[in-house]
Structure formats: C-alpha cells, structure tokens
Amino acid sequence: MSAFYKGISLVALASALAAGAAVAQDAVEDAADSAVRLETVTVRGFALQNQLAIAEKRNNDTTADFLAADEINRQPDYNIADAFRRAPGVFTIFDEDEGRYVGIRGLNADYTIASLDGSLIATAERGNRRVNLEAIPSSAVKRLEVFKSRTANLEGNAIGGTINMVTRSAFDADGLYAVGSAGIGYTTDQDVPGEGYGRDSDNGPSYRGEFTISNTFANDTFGVVASGSYLQRRRDQQRFGGSYSGSTPANDFPNTNSVIYQGYPNTIERFGGFLKFEYQPNEDFFVDTLFSRYTQEDTELRLGQQINLRGAQTAVDGDTNAYARGQAFIRFNDFFIDKPIFTAQSHMRWTPGEDHVIKASASYSEATFHEPSNQILFTTPNNLDELGGEYDWRDGAPVVSVNDPAFLLNGANYPFTSYIFYDQDNDDYVSEYSADYGYNTDRGDMGLGFDTGFQFRNNTRDFDEQRSTYTLADGNTLDASDFILNDTFSGPYNNYDMLILDGGAFLDYFRANGSLFDEAVSNTRSDYNFSEDVTAAYGQAVYKADRFKILAGLRWEQTETTVKRPRTENGVATVVSRTSKYDNLLPSITGYYDLTENLKLRGSYFQAVGRPNPSDLAGSENVTIGGDGMPQLSRGNPDLEARTSDNFDMSLEYFFPENQGLLAVALFSKDIDNEIFRFQTEETIDGVVTRVTQPRNVASASLKGFEVSYVQNNLGDLVDMLDGFGVQANYTWFDGKSDVVGADAEVLREIDQLRQQPKYVFNASVFYDRGPFETRVTYALASSYPTSVSSSATSYGDREDEEYFQLDWTARYDLTSRLQLTGEVRNITNETKSNYQTSEWGNALRDYSTYGRTVFFGVAFKY
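Because the structure is a prediction, the values reported are computed rather than measured.

## Brief notes about helix α3 (residues 45-59)
Next, step 1: Compared with the 21 Å implied by 1.5 Å per residue over 15 residues, the 22 Å span of α3 between its first and last C-alpha is a close match.
Next, step 2: Counting buried positions along α3 yields 12 of 15 residues, so the element is predominantly enclosed.

As structure tokens, then:
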C-alpha cells in the first residue's frame, strides 16, 4: 500500500478514534441538555481558524491562501515553516526533523520571497536567499499569507510566490487581550551520548512557553502589542550514510566505497518576541512601529565512525560482497550555532480625502548565522587486512562486517590525523523604503481606480571565516585510546557499537600540550562581501464592477550588485571587486468574476524574476594548474542575471455559507528562462587559455500543476451523526521539466522534476469540537523529490529524498472559560527519512535518519 493511501487510512482511523471519544462523552450527557448545547455552539478553535482563513481568501483580489490563528492565537506547529505546509500548494523543506524553508507550487525556496507585515526580512543563511523560518514560532502571528500570483505592487523576485507573516494589532480586540501557554515535553529518541555539551545529561525534558498581550489607551487611539516565546527541545538524530562506486559491481547492486555511522545529540533553544506601537486617532490615519528579535541556538554534536572499503570486491552470494582491505576513522564535531533575526519597521496609511490613500513604510532587518566548530579526526592506516571483510545488501543499504572487530573498536589503532577549528560568521542586512498612492482602490471601491508606487532596497551580505588546522609536529605520536567515551551506541545498519570520541577530553589535552601541534591558518579564502541595490517603480489600473474586478499593471526593477571576493593563485590571496547591473519590466494582470454569490472564478498572468544567490555571484576565485598544464579557474559569476518566468493560473472557488467551508480547484503553469547551472568552458584570460568553472544563465525549466482544496467545518451539516466533526484537505500535483547542462552549455538530458520539487503533496486534518473538548489529527505527505542532479548524460548519481509523511495529534480541554489543558504528539508513527542515490544497478541508501516522537503537555489561558 502506498504512503498516500496509507495516509488516508490513518486519517480515517484518527477520525474513528475521535468519533469514539465523542460517543463516550455524549453517553454521559443528558439528551435534552445536549440538544440545547448544540443549538448554541460558538465557532472557536480549529473551526475558527478555518473560518477566518476562508473569509480572507474570499475577499482577496489575487490568487492566495491563508492560515489563521484562533482565539488563543495558537497553531499546532513548532515554527512558521511547519505551519505553512498546511496551505495548498506549499512544500516545507525540512532540516532534520523540523521545517526550515518554504517552497510554493513545486519551486524550491530559492524562488520564495518572505516578509513580516509586508516588509522583507533578512535571512540567517550562508550563500543563498532562503529565509530561515525555524526561529519564528507559529504563535507569533495572527495570520500567514501565501500569494501565488503577483500584482504590480508586489516584489518581483517571486517566481514561486510570496509569503507574509501578519502580526497581531492591538485594535483587533476591545481593550485588554492576553493569551499564553506553557508546556513540557519529551522526545523518545535520546540514545546518543552527549553529556556536558549544552545538556545536563544524555536525555531530559523539553520546555516551551509563549504569550501575547495587547491593550488600547487614550480612548482607543494608541495601542501596544507585546509577544514573547521560548522553546527548548532535546532530541537525538541517528544517522547512516553510504558512498558508492560507478564501477561494474560484483553483484547486482552498487559497489560500496564507504559507510559512516553517526549520532547527533542536539539541544535547540529558541527565544524572542516583538513589541508593536500603534496610533490611530481616526479611521483616516494609522501608523505603527514594530521591533522584533527571534533567535535559534543549536548545541549539536556529531559523533561519527567511518569504514572505507579498499581493494577488489567479489561476490560471496547473491546478497553479499567481500572486499579485501579497509581503513577507518572516528570523528568528533561540535556546532554551537547562533541564528538571530532582528527587524525594525514602521508603516503609515493616510486617507487625505475620499478615494485617496497614501501609504509609506521603512524597515531594517538583520540576520546572522554564526557557527564556531571543533572537528577532531583520528584515522587508522590504510589498506589493513583487519578491516577487510564483507557486506550484506539489505533494503538498499550495505551492512558491513570486518575481519577483526576487536581491531576496529580499539582506540589505540587510530593515530591522530587533525584538529580543525573554524568560526564562520554570515551577516545579512536589509534596508527597505517604499511609498504608494492609490485612488479608488480600497476593497469595496467601485469603478476605475489606479495605484502607483516606488521602492528602494539595499541587501548587504558579509561572509567571514577563520580557520586553523592543527597536525602533530614532527617526532610526536598520539592515538585515540585516551579519548574514547565509555558510553555505547550503535545506530542504524551498524553491526557494532561505535567508537565515540570524547571531544572535551581531547580539547583539554590540546590546550595543555599546544607545543606538540603545528598550526596552518586559512582565514580569507572563503570570505566575500555582497551588496545589492534594487530600485523599483510600478503603476496599476484597477476596475471593479458588481461581479468582477481586474488589476493590470507594470513593474520596473533595476538591480545593481557589487561583490568583493578573494582570488587565490599560487597560495596567495588578493581581493577583487566586480559590479553588475540589469533591468526587468514585469507586467501583470489578475482578476476575478463572481459567477454566483458563492462561486468565484479567478485568473492571472504575471512575469517575475528569481535573482541569483549571493554565493553564485560572489563565490571566491581559485586558480590551479591541471594535470595537462592548463590553468583552471573556479569562481562565482557577478555577471549573472535574474531568472525570468511567465506565470499563468486559474482557479474556481466555491464558498459555503457563512464561510463554513470551501471547495477550490486551481490550475497553474510556469516557464522559466535564464536558469542557472554551473559548468566548465575554455576561455582566454589575459592571453592564456583557461578552463573556467562558474555558474551561468544557460538552462530553462517549466512547471505546471493543479491544486484541489476542501474545508468542511461541520460534517454534521451533511451527516447528522458526524455533528461536531470537521475536515480540511488539499492535494497538489506538479509536473516539472528542467535541462541538465554539461561542459560548454551542452544540454545533456531533460529531467521530469525540478530540484526539491515533489510530484505531489497532500495535507489533511480531521477535527472534533463539542463541549469542553477539542482535538485534531493532521497528516502531511510529500512525494519523493530530487535533492541533487548529476551533470552527466544519465541519471546515475542523482539523489532524491524518498516519500515522507507525518501524522500529528493535538487536543485541548477547557477547565474553565479561560484555562485549557493541552496535549500533542508529533510524528505519531515514528517515521524516518531516507535519501537514495540512483545507479544502473538500483537505488542505494545514501542517507538514513531517525528522530523519534515528541510529546508535549501543558496549559493555555486567554483573557
């Protein structure tokens, strides 16, 4: 049974379980009292979230979807990226067991623009433009917005779409509003040793808490909103990795080059909040100022043991290969990662006269990715008979048995190889200013109107690395025997307990015996500075009649970049600087027609761009000499232009009375030019023929698909016995095509999925709400998708993540009208994640990870 049908069955099972709970509750209630109660049901909780989101979708001018918080401002997800995957057509890209980035309509997160209250936010990432959404909790916002079509007033760098996070306003409530929650949890997978590195012990509970409070003052002309959150999660990751050869195998599966067993004990802390001040003396003028800061701090260890298979491989039987000799290493890494995101922004809206609207905004955002790390490596001699052996092929993975396990597990057989300390600091700064004027364009305005505006943004990125590599000075010896933890840990596909380095013990030894080591410093070869100015202006005509509305406009954007990066030749690094400029004219037209009161037809066409990643523009230059004596230059390309795309979509939406449900179908297509691919050509530089490898605008891609979404807040409207139950589901299918480009821009093949594009995504939830009890089961499924594509004429060497689904549960019980008990379970079925590498002899397991289940219990309050 496929995971898709398995998922439907699981949701049905969850529905049945919830139904059982409902029957049990109803059995103890008086029938007459129950009838009265059902007549006075108030929409709340999950049903209220749906109702608010549907109303926003219905009233919006463009193709968009929304996720809304309920009356206690709570989404059942750890962070914003997790929450966005509930929206139709949205694909959340995971980092380990949590969402990190958001892709829209099958395009990876490089094509998504992200904003907070309409202002672009900086990204705590290295090299790319993907906004890291891990640190922002879902409780921080009242609404999540996904804009899938672009109007002229929206940022042009949004081929995939735009996501916006809307914070709460003090004027959303009358007077004082306060909500909060606190909880304690536990993750089942905590078997990896790691005491002393940011954790009190090898395992323990997780904690979280959050609050939002607002009030209005001075006859409701001033408002203040404050929100804060804290999360600490302890969880371990168990991981297996394999590397494979393209040579002819001894059996009908790929030859194995190496296997690595790893354990990642990790403590994640997130904390932050926002403070917003608002002033609204009358309905014609509004201004706000918001400050926010959210931080994620990871304390993660990576404990690994690798076996390298050497020599010829021969078949033992149909599922087993033997190999002649081997080598092994043990490694310790620690990562103390700090990822803060800060924003300061202000918005003004003024209606100086009837039908006239003036808007202005200014914002500043700053994000950092700071990662200091220690890497310690001990390696056995190469080509050892003791580490020869054989491996069994199980479920696409090699399970290795060595000739002498005692040798493998003896630290004295691992001489010291190296100790590397590096400190990477990536800082991203975004300043943005805009002004807009509109005439007769407010929601509800009839007839002809127009709006126009101007925007300027500067994005500056600084990447700096300090790196020192230590090796033993001549005449000294050292092995791992004094630096092995007594704790045992095996991990998936491992026949033995791992040797685990005690990183703390080694660092103590290193500090006390520094004279035994030589240092090699490399501090500038990866550094770069990137600055991008985008100047934009737009004009848009708007016409609204009784049953339809059309918006048609043109946006102009000029992009100017400056990069500074090192050029390394003969071991000497010098700094070079390059500038580039290009313009884009981006038309758009979108509109809707009300076929009936509840049936709406939408359509749009727009052009958009996808600007290159900073690392593609500003990557360092490195000159080496090839084996044939020809110089070889690897570098970024400051002359890259933005990808461009033509985008079409059409949707038919039926809204149930009082926004209690929705049935919508959408079709879309995207044709992308100037796609970026990295390949090699021969060029003449300063009179010398040189092989140059750099990213270039050479490829094309296309994507089409359809979405179906359905919401029914009360199934009792259809079947009496299902009163109190609701359902929400959406399914999106994608069909992508992309060129694979080789040397000299030769198109080698076409693939039928874009990188990180699933073939389909499916989300469903079943919820129940009657009396004091409310519960929901959610299910999210994404098909397999490519994670990397080989630059060759065949698919051999391509890698993909396998299909993955996750089942979660959450519940609330009212103790009083203001206080609730809460509970939730994440990853109920304990799903694992796998990545496979393709070959002509079948798929081989490249990466396999387990994370366990997480359970939280707590309380929530509202005022």
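## Observations concerning helix α6 (residues 503-512)
Next, step 1: Buried within α6 we find Gly-503, Phe-506, Leu-507 and Phe-510. End-on, the buried residues of α6 take up no more than an arc of 100°, which puts them together on one face. Opposite the buried face of α6, at more than 90 degrees from it, the exposed residues are Asp-508 and Ala-512.
Next, step 2: Buried residues along α6 sit in contact with β13 (320-353), β14 (356-379), β17 (416-439), β18 (447-472) and β19 (517-521).
Next, step 3: Put simply, Asp-502 is the residue that caps the front of α6, since its side-chain oxygen is 3.2 Å from the backbone nitrogen of Gly-504.

## Details of the pattern of salt bridges
Next, step 1: Evaluation of the coordinates by the stated rule reveals 48 salt bridges.
Next, step 2: For Glu-557, the salt bridge identified is with Arg-611, shortest N-O distance 2.6 Å. One end of the pair, Glu-557, is in strand β21 (residues 548-569); the other, Arg-611, is in the loop between β23 (599-610) and α7 (614-618), with 54 residues separating them in the sequence. Of the two residues examined, Glu-557 and Arg-611, each falls in the buried class.
Next, step 3: Note that Asp-594 is salt-bridged to Lys-600, the shortest N-O span being 2.8 Å. By the burial criterion, Asp-594 is buried, and Lys-600 matches it.

## Some details on the nonpolar core
Next, step 1: Within the largest apolar cluster, 47 residues are counted, with the highest numbers of intra-cluster contacts made by Ile-307, Phe-378 and Phe-506.
Next, step 2: When sequence neighbours within four positions are dropped, the list of residues in contact with Ile-307 reads Asn-257, Ser-258, Val-259, Tyr-261, Tyr-323, Gln-327, Ala-328, Val-400, Val-402 and Leu-408.

## As for the sheet that holds strand β6 (residues 143-147)
Next, step 1: Taken together, the 5 strands give an open sheet; going across it, the order is β1-β6-β7-β4-β5, and neighbouring strands pair in mixed fashion. At either end of the open sheet lies a strand with only one pairing partner, and these are β1 (64-68) and β5 (119-120).
Next, step 2: Across the sheet, α3 is in contact with β1 and β6; its angle to β1 comes to roughly 155°.

## Thoughts on the environment of Asn-730
Next, step 1: Tracing the sequence through the fold places Asn-730 in strand β29 (residues 725-741).
Next, step 2: Residues Asn-730 and Phe-762, spaced 32 residues apart in sequence, show a C-alpha to C-alpha distance of 5.8 Å.
Next, step 3: When neighbours within four sequence positions are excluded, Asn-730 is seen to be in contact with Arg-86, Ala-87, Pro-88, Val-708, Ser-709, Val-761, Phe-762 and Asn-763.
Next, step 4: Among the polar contacts listed, one links the side chain of Asn-730 to the backbone oxygen of Arg-86, at a separation of 3.1 Å.

## Some words on unusual backbone geometry
Next, step 1: The backbone of Asp-117 shows a phi angle near 50°, a positive value even though the residue is not glycine.
Next, step 2: Assignment of secondary structure puts Asp-117 in the loop between β4 (112-116) and β5.
Next, step 3: Take Asp-117: its relative accessible area is 15%, and that puts it in the buried class.
Next, step 4: Phi is positive for Gln-756, which is not a glycine, with a value near 60°.
Next, step 5: Here Gln-756 falls in the buried class, since its relative accessible area comes to 10%.

The rules behind the values
Residues numbered from 1 in each chain as written. Predicted model: local features only at pLDDT ≥ 70, side-chain atom pairs only at ≥ 80, totals over all residues. Heavy atoms only, no water. Helix = DSSP H or I, 4+ residues; strand = E, 2+ residues; numbered from the N terminus. Expected span 1.5 Å × (residues − 1). Buried < 20%, exposed > 50% of the residue type's maximum accessible area, 1.4 Å probe, protein only. Arc of directions from axis to C-beta. Contact = heavy atoms within 4.5 Å. Polar contact = N/O pair within 3.5 Å; in protein donor to acceptor, adjacent residues only side chain to side chain. Salt bridge = Lys/Arg side-chain N within 4 Å of Asp/Glu carboxyl O. Core = buried A, V, L, I, M, F, W, Y, C linked by side-chain atoms within 4.5 Å. Pairing = 2+ DSSP bridges. Axes fitted to C-alpha atoms, helices over the stretch in contact; angles between N-to-C directions.

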